[in-house]
Amino acid sequence: MDLYEHQARELFEEHGILVPRAEVTDSPKEARGIARRLGGRAVVKAQVKTGGRGKAGGVKLAADPAAAELTARQILGMDIKGHTVRKVMLAQPVDIEDEFYVSYVLDRAAGHFLAIASAEGGMDIEEVAASRPDAVARIPVDPAEGVTSAKAAEIAEAAGLPPQTVDVLVRLWEVLTREDALLVEVNPLVRTAQGRILALDGKVTLDDNARFRQERWGEKDAPHDDPLEAAAAARGLNYVKLDGEVGVIGNGAGLVMSTLDVVAGCGARPANFLDIGGGASARIMADGLSVVLSDPAVKSVLVNVFGGITACDAVAEGIVQALESVRLTKPLVVRLDGNNAVRGRAVLDDRAHPLVHQATTMDGAARRAARLATAD
Ligand code: GDP
Ligand code: MN
């Protein structure tokens, strides 16, 4: 997950990298107060998880608190490359003497990290890299050795950065490794007229596998443009909307993915991926069914469950209970196999819902669901 600039700034500060004084707000009125606290002038910066904000008009200098309020009002709500600006950061302006670029990024193919640095930082590093590759140094970093002062000096030297940046390069490596990041980027890293080195803009991408120890940054970014995905996410379901007409519910990602293939093999198209997990309760089944059934494209639903930790009879009870709270409007084909399958099938037989069909094999269930979905 990517962090916002203000979050990256916070991390840099915690690791002893100099950053401009700054505060975040979603209110133009507050922006005025912040500018006053910062000494009057402020750089107003859109907080969106995309680059090129400067060029898009999302970074503006305000000369006084009243201008800061006006500028914040302009930038808040702005759309930058499909991202709506909900917050702005106001930062104390800095007298820039030089702009540099520095980053560490994981090079998966090579199995090491890469330090990328350039004395020509600022807004167009991609352009610099394309037109004058020599101006951008790329130095492999052995993850076991990391960036020591000697390594940092090598990077600075290769990129033509001043010696004062060595300390920042070491600290930035600490941000990468101690904060579970896969990427840290500072553009621009600046030298001020007073000779101080400051990180003026930052991008940090955290490793999602480490989310459990990075809770302070909140939930994973979930730009659920699709209302069904948003509804599923709100219920904590593992759901992905697809283009077809057969709703699919299963337990275990592998089983659900093979179910999608088998449905496709039967000449129909799956309408979604939904993995209700190993310990599927009646509640989860009801939630899953209601999301899948609320998809207008769905013509039939295939529930494919292999009883393991959760026995089939418990899953069948879950379906029966779900049928009390969710009104079934489309045919439901259920295939139960594995632990207590016979008992599970008996539970559904007893319920005898006219729209619930059972099949004993995955292929048979998929064929049935596909036929029900494509028959007019
Ligand atoms: P980006 O366009 O999304 O990368 O946003 P940045 O935060 O990097 O800002 C874009 C540009 O605005 C920077 O490269 C700087 O040239 C300029 N800028 C940002 N903050 C300041 C500041 O405090 N003082 C000055 N003079 N320029 C700034
Ligand atoms: Mn930048």
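Everything numeric here is computed off the predicted structure, so don't read it as measured data.

The rules behind the values
Residues numbered from 1 in each chain as written. Chains lettered and ligands numbered in written order. Predicted model: local features only at pLDDT ≥ 70, side-chain atom pairs only at ≥ 80, totals over all residues. Heavy atoms only, no water. 1 Å grid on protein atoms, 1.4 Å probe; cavity = no way out; pocket = protein on both sides within 12 Å on 5 of 7 lines; lining within 4 Å. Points joined across faces, edges and corners; volume = space filled by probe spheres on them. Helix = DSSP H or I, 4+ residues; strand = E, 2+ residues; numbered from the N terminus. Nonpolar A, V, L, I, M, F, W, Y, C, P; charged D, E, K, R; others polar. UniProt positions renumbered as here; feature names shortened; annotations may be inferred. Buried < 20%, exposed > 50% of the residue type's maximum accessible area, 1.4 Å probe, protein only. Contact = heavy atoms within 4.5 Å. Polar contact = N/O pair within 3.5 Å; in protein donor to acceptor, adjacent residues only side chain to side chain. Pairing = 2+ DSSP bridges. Right-handed = clockwise from strand over helix to strand, strands pointing away. Salt bridge = Lys/Arg side-chain N within 4 Å of Asp/Glu carboxyl O.

### Looking at the layout of surface pockets
The computed volume of the largest pocket comes to approximately 1,000 Å³. Contributing to the lining of the largest pocket are 44 residues, with Lys45, Arg53, Asn187, Pro188 and Asp201 lying nearest its centre. At the level of elements, α1 (5–14), β2 (42–46), β3 (59–62), β6 (88–91), β7 (96–107), α4 (125–131), β10 (181–192) and β12 (202–206) are the ones that each hand at least two residues to the lining of the largest pocket. A per-class count over the lining of the largest pocket returns 19 nonpolar, nine polar and 16 charged.

### Observations regarding the UniProt feature "binding site: Mg(2+)" (unreviewed entry) in the protein chain
What UniProt calls "binding site: Mg(2+)" (unreviewed entry) maps, in this numbering, to Asn187 and Asp201. From the set just named, the residues that line the largest pocket comprise Asn187 and Asp201. Along the polypeptide, asparagine 187 turns up in strand β10. Asparagine 187 gets classed as buried once you look at its relative accessible area, which sits at 10%. Those residues in contact with asparagine 187 that lie beyond four places of it in its chain are Phe100, Tyr101, Gly121, Gly122, Ile125 and Asp201. In terms of polar contacts, asparagine 187 uses its side chain to reach the backbone carbonyl oxygen of glycine 122, at 2.5 Å. Its place among the elements puts aspartate 201 in the loop between β11 (197–199) and β12. A distance of 3.0 Å separates a polar atom in the side chain of aspartate 201 from a polar atom in the side chain of arginine 53.

### Here we look at the pairing of strand β18 (residues 356–359)
Bridge count between strand β17 (residues 332–338) and β18: four bridges; the pairing is parallel. In the strand pairing of β18, valine 333 is matched with histidine 357. With helix α11 (residues 341–351) bridging β17 and the parallel β18, this β-α-β connection has right-handed handedness.

### A word on the pattern of salt bridges
Throughout the structure, instances matching the rule amount to 23 salt bridges. Glutamate 174 serves as the salt-bridge partner of arginine 178, at 3.8 Å between the closest nitrogen and oxygen. Residue arginine 178 and its partner glutamate 174 are both found in helix α6 (residues 165–178); the two are separated by four residues, about one turn of the helix. Owing to a relative accessible area of 56%, arginine 178 belongs among the exposed residues under this scheme. For glutamate 174, a relative accessible area of 23% puts it in the partly exposed group. A network of salt bridges, in which partner residues are shared, links Glu5, Lys45, Arg53 and Asp201.

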